[in-house]
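Residue-level structure breakdown
The chain contents come next:
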Amino acid sequence: MQTRLTDFDESTKDKKKKQDLSDNLRLPTGELWEKTISKRKEWGVCNFDGTVLFVRIVEGRIHTHGREAVCKWCGGELEIREEKVFCEGPCERYQGEFSRDLSAYLWWEGAKSYTLRKRVAEIEELELQQRDLEPITYAPHWSVLEEYEEEQD
C-alpha cells in the first residue's frame, strides 16, 4: 500500500496547538544582567566550591535567591566566621569563602565571560580587575580541535 500525501496533512487545529506551544517555549530576550544588589550593606559574595553567588545577609543569615542557604550535607544553618562559611549543624563542615567586598564576585570568577564581567561590573557598580581593562592582544583559540590537529602532525 502506498502512502498518500494527504496522510500527512495536518488539520488547522493541530497547527494552532503547535504554534501556541512554540510561542510558550521561546526564550526571553533582553538584558544580559539585571540589577541584583539594592542596599550594599546587606549584601556579600560567597564562593561555595567554585559556585560564586551574590548573597543577602538577613539577621546574620545567608540568603540566596530569596531563601536561606543551608548546609549541603546535613541541611543545618550556615554561619559566617571571619571570611569563611561553616555549618552550624551536626556536621560543622567548611562550606566556602565569604566576602563583604562585592567585587569578589569578579575575583572569584562568578562571571567568566569578558562581556558578562563588564556588564555585571557596570550594573552592580563593581571594580573590574586589571586584566579586564587591558585590550586583548592575541586572537583566542576558538576550537580545541585545532590544538588536536597540531598534536597529530
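Please read these numbers as outputs of a predicted model, since none were measured by experiment. (Residues numbered from 1 in each chain as written. Predicted model: local features only at pLDDT ≥ 70, side-chain atom pairs only at ≥ 80, totals over all residues. Heavy atoms only, no water.)

Focus on the overall build of the protein
Within the protein, the secondary structure is distributed over 5 helices and 7 strands. Taken from the N to the C terminus, the helices and strands of the protein come in the order α-β-β-β-β-β-β-β-α-α-α-α. By sequence separation, contacts in the protein at least 24 residues apart represent 36% of the contacts at least 6 residues apart. (Helix = DSSP H or I, 4+ residues; strand = E, 2+ residues; numbered from the N terminus. Contact = heavy atoms within 4.5 Å.)

Concerning the environment of Y105
Along the chain, Y105 falls in helix α2 (residues 104–107). By relative accessible area, Y105 is classed as buried at 6%. Counting along the chain gives 52 residues from Y105 to L53, while the straight-line C-alpha distance between them is 7.1 Å. Residues in contact with Y105, not counting those within four places in the same chain, are W33, V45, V52, F54, G110, A111 and V120. (Buried < 20%, exposed > 50% of the residue type's maximum accessible area, 1.4 Å probe, protein only.)

Some remarks on the sheet that holds strand β1 (residues 43–48)
An order of β4-β3-β2-β1-β7-β6-β5 is seen for the 7 strands of this open sheet, with the pairing classed as antiparallel. At either margin of the open sheet sits one strand with a lone partner, and together these are β4 (67–68) and β5 (78–81). Where β1 lies against strand β7 (residues 94–99), 3 bridges are found, and the strand directions are antiparallel. Its bridge partner being in β7, V45 is matched across the sheet by S99. (Pairing = 2+ DSSP bridges.)

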